[in-house]
2 protein chains.
Amino acid sequence: MRNILLIGAGRSSSFLIKYFLDEAQQQDWKLTVADVSLSLAQSKTANHARSRAIAFDINNEVQRKEEIAGADMVISMLPANMHMQVAKECVELKKHLSTASYVSKEMQQLHVNAMKDGVALLNECGLDPGIDHMSAMKIIDKVKAEGSEISSFKSYCGGLVAPESNDNPWGYKFSWNPRNVILAGQGTAKFIENGKYRYLPYNRLFAESERVVVEGCGTFDGYANRDSLSYRPLYHLEKIPTMLRGTLRQSGYCKAWNVFVQLGLTDDSYTVDNSASLTYAQLVEAFLPADQKNGSLKSRLAAFMNVNENSEEIKMVEWTGILEIKPIDLERATPAMVLQQLLERKWMLKADDKDMIVMQHEFEIKNRNSEVSTVRSELVVTGEDSVFTAMAKTVGLPLAITSKLILNGDIKARGVLVPVTKEIYEPVLSELEKHNIVFSER
Amino acid sequence: MRNILLIGAGRSSSFLIKYFLDEAQQQDWKLTVADVSLSLAQSKTANHARSRAIAFDINNEVQRKEEIAGADMVISMLPANMHMQVAKECVELKKHLSTASYVSKEMQQLHVNAMKDGVALLNECGLDPGIDHMSAMKIIDKVKAEGSEISSFKSYCGGLVAPESNDNPWGYKFSWNPRNVILAGQGTAKFIENGKYRYLPYNRLFAESERVVVEGCGTFDGYANRDSLSYRPLYHLEKIPTMLRGTLRQSGYCKAWNVFVQLGLTDDSYTVDNSASLTYAQLVEAFLPADQKNGSLKSRLAAFMNVNENSEEIKMVEWTGILEIKPIDLERATPAMVLQQLLERKWMLKADDKDMIVMQHEFEIKNRNSEVSTVRSELVVTGEDSVFTAMAKTVGLPLAITSKLILNGDIKARGVLVPVTKEIYEPVLSELEKHNIVFSER
């Protein structure tokens, strides 16, 4: 029997746990679900014979060592900054580890030791990063094998709400960490276009979004992610003239979000001194230029943005409730925290709501005869409800499948890994297809 | 004989050293000037009989302890983040310390021990912070003593170039740390106006500057400093409805600087991958929206900013050389570093150039009969040349004078201090007047 230790039973773990339990008998697995909250862990394992739910404190060294020592494979669904305590223990105790997070500098430093001890530390193995790497590399390797060349690669991904569950003008509901949505894009987006580096600072990011059409799914806004350049070496496209990675939102979202950015409401770097005693309207007022003294808050906001009061973006902002004379009721909050609290109520997935994942890769390919063609590879996944979300499915299944492949000796690479090699992406993509995670090409 | 140890002989120390040496005989002082560069220290002491110049390494614990142990008073002109090593030693060895920097959290934590051991750690004792505190508190205390009330306090300060030495459209030359000028205002400015909190994010700061008229000196742009709110408790004006602190620049500067901000050229958070092989024009190109494809770089920049190509701000930006096809020649530089290097050449004080300090306090005062009046207190100081600058004078003399007052027992307060009490500001302001640092009221 092989023991699997899953640390963290939060919202992205539903499909992951289901997969392990569904296959437990056949694969001779026992799954331990470890979470700060015992009841949460128990609710996820539901007394399955091959499961065990435990209360787990990552800072309890004795327990941490004991649980990892007893496992053959560890999956960490902890917040990204908490993986290292697990990873170090895994190398020391010679246990394999999977995460869905980006490889941090500290993680990368474990590479040599992990190699030496025959340990796989597989990261970036969820949706984005994860499925994006695998599906992109499959096409890139194929194109290269044909002797063709890729001159442009634009890749977008978004976690949205399915049209049938959409009841708000933003076309958005939270299917993962709300804080990341509020703070998205802070810093400067870096990418390359036609051989020229491009830099897009945060204050222009949402104003300068692109239009992205996904076949049979709709038209979206795409805004550039912070770092597209590091994907050139990762994908072995060091000299590619155009490389852009971005995030998808429903058409119109970016223009409206830009209102929050321009006001300064997404700032998380300081607390509003008297946030608990302010109303939302007063907070917005505090961000508006003082020289606009006449008219309603809404009309002055529209004037500040230099748009009509009846424009879509002002209506969308109004819909959030941020213009209302209602108490914020949050102590020592940053503007971003106020916005997050407000939107968490407005953008909550209801029990039966379905979320939707949309991913698009767009390649420009020049073949041996210098003929240029455009290939689009697209993925649309719709969730079942607010627990079995498309997000949980696309994040969890790649983690589950790679864990199986490592346990069964089908992934032989060791050290700090990212799923960009054929050994990993081929079996994973092929099994994902059985779960209806299928890319269509056009 | 009393020994004075001055650590750091950089550009703001000229008047400070002159003061100590001029008074050394009469006060029975010996001055040690300690700097990483022995030759710099030597050039400042010029073999004065009561001076000693030494090469000094702040990280050399033996030397640090020895020099501080031998001193009666220490002045640290080190960068702000390096004061703590000196301050801790000062408390341990029971030596007084002066700095021109803001009280850090770590500094504040030394308060109880410094009190206990009878040590004065006097901070914020230069120009801004320094003379601003002293001159403001003098008026605030006087107004309160008269039974009047202050309903508004706006205070601006700027280190500029004197009109007779101005030969550029920005009306600016560097008289202190250039890096701070490039990064000025990043974050969100917080102040209060008519009882309402106001927040002004960086991307709007320079676009929404105010017009400030200084009697007999000119009209300036004033942009809000990051934190005006903390001055309410510091000045015992906890309930004041309007409190704003800001920075002065020549009229037109802010509008032009806003072009750099909007492009993203003041960002210091990432390096431009290929900065060494780019031209300035290419860098600007990388920040311009890609959809602007026709016309000169200058005309596209003007279109991006939605202004005329012949507008003042575009001409000013062009003057800096940032639109030129010249190699940047700087490895792994952030955009802010590129801008700094460029402007350091353009905004350098020439040997005979005179700088200029302008400070303005504007109070709205309600007397016992509820009559409201406006009082403006203004300071204009012009430098002698690029060494004996107004900046060095206004930063150095308050430090020198307070050091004398501490050594002679005229400042008796102990612990972590800021010059907001009568015991400190009265004798300092009175002696500053003898050096022609005089506020005029109107």
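Here the structure is a predicted model, which is why all the values come from computation and not from measurement. (Residues numbered from 1 in each chain as written. Chains lettered and ligands numbered in written order. Predicted model: local features only at pLDDT ≥ 70, side-chain atom pairs only at ≥ 80, totals over all residues. Heavy atoms only, no water.)

*Asks:* Even after reading the chapter, I still don't get the packing of aromatic side chains, so can you show me in this structure?
*Replies:* When we look at a pair of aromatic rings, we describe it by the centre distance and by the angle of the planes. All names here are of chain A. Following the criterion strictly, the structure yields 44 aromatic pairs over all chains and no others. Here the aromatic rings of Phe15 and Phe388 are separated by 5.1 Å at their centres, their planes lie at 90°, and the arrangement is edge-to-face. Of this pair, Phe15 sits in helix α1 (residues 14–27) while Phe388 sits in the loop between β14 (372–382) and α16 (390–407), placing them 373 residues apart in sequence. A relative accessible area of 8% places Phe15 in the buried class. By relative accessible area, Phe388 is classed as partly exposed at 24%. Site record: aromatic cluster; members linked through ring pairs are Trp170, Tyr172, Phe174, Tyr253, Trp257, Phe260 and Trp347. In this structure, Arg245 packs its charged tip against the face of Tyr231, placed 3.9 Å from the ring centre. Arg249 extends its terminal NZ or CZ atom over the ring of Tyr253, reaching a point 5.4 Å from the ring centre. (Phe/Tyr/Trp six-rings, centres within 6.5 Å; stacked < 30°, edge-to-face > 60°. Helix = DSSP H or I, 4+ residues; strand = E, 2+ residues; numbered from the N terminus. Buried < 20%, exposed > 50% of the residue type's maximum accessible area, 1.4 Å probe, protein only. Lys NZ or Arg CZ within 6 Å of the ring centre and 35° of its normal.)

*Asks:* I tried to follow the domain arrangement of chain A on my own but got confused; where do I start?
*Replies:* Frequently, the measure chosen for interface size is the accessible area removed from exposure when the parts meet. All names here are of chain A. By the assigned domains, chain A splits into domain 1 (2–127 + 389–441), domain 2 (131–256 + 350–382) and domain 3 (271–333). On a C-alpha basis, the centroid separation for the pair domain 1 and domain 2 is 26 Å. Listed as interface residues are 25 residues of domain 1 and, on the opposing side, 31 residues of domain 2. Both sides of the domain 1 and domain 2 interface together cover about 2,400 Å² of buried area, and 67% of this is carbon and sulfur. In this structure, the connection of domain 1 to domain 2 is made through 0 salt bridges. In this structure, the connection of domain 1 to domain 2 is made through 9 residue pairs in polar contact (both at pLDDT 80 or more). Put simply, the parts of the chain that give the side of domain 1 that touches domain 2 at least two residues each are α16, α17 (422–434) and β16 (440–441). Residue contributions to the side of domain 1 that touches domain 2 peak at 6 residues, all from α17. Of the residues that constitute the side of domain 1 that touches domain 2, the class distribution is 15 nonpolar, 4 polar and 6 charged. (Domains from an automatic or database assignment. Contact = heavy atoms within 4.5 Å. Buried area = accessible area lost by both parts, 1.4 Å probe. Salt bridge = Lys/Arg side-chain N within 4 Å of Asp/Glu carboxyl O. Polar contact = N/O pair within 3.5 Å; in protein donor to acceptor, adjacent residues only side chain to side chain. Nonpolar A, V, L, I, M, F, W, Y, C, P; charged D, E, K, R; others polar.)

*Asks:* I'm lost on the relation of the copies chain A and chain B in this one. Help?
*Replies:* Between the two chain copies there is a screw-like relation: a rotation about an axis and a shift along it. Least-squares fitting of chain A to chain B yields an RMSD of 0.0 Å, with the transformation described by 0.0 Å of translation along the axis and a rotation of 180°. Seen this way, the second copy is the image of the first under a two-fold rotation axis. Taking C-alpha positions as reference, the residue of chain A nearest the rotation axis is Asn203(A), located at 3.3 Å. (Least-squares fit on C-alpha atoms with pLDDT ≥ 70 in both.)

*Asks:* Just to check I follow, could you spell out the interface of chain A and chain B for this structure?
*Replies:* In this assembly, 26 residues from chain A lie in contact with 27 residues from chain B. Taken together, the two surfaces of chain A and chain B that pack against each other cover about 2,400 Å², and 50% of this comes from carbon and sulfur. On the chain A side of the interface with chain B, the three residues burying the most area are Tyr197(A), Tyr199(A) and Arg204(A), jointly 24% of the side's total. Linking chain A with chain B are 0 salt bridges, by the criterion used here. Linking chain A with chain B are 12 residue pairs in polar contact (both at pLDDT 80 or more), by the criterion used here. Breaking the side of chain A that touches chain B down by element, the ones donating at least two residues are β8 (188–193), β9 (196–201), α9 (202–205), α11 (253–263) and α12 (280–287) of chain A. Top contributing element to the side of chain A that touches chain B by residue count: β9(A), with 4 residues.

*Asks:* Whenever I open this one, the pairing of strand β5 (residues 96–99) of chain B confuses me. Can you help?
*Replies:* Consecutive residues of a regular strand have side chains that alternate between opposite faces of the sheet. Residue and element names in this part refer to chain B. The two faces of β5 match: His96 and Ser98 on one face and Leu97 and Thr99 on the other face are all buried. Judged from the 2 bridges that link them, β5 and strand β6 (residues 120–122) form a sheet pairing that is parallel. Bridge pairing links Leu97 to Leu121 in β6. (Pairing = 2+ DSSP bridges.)

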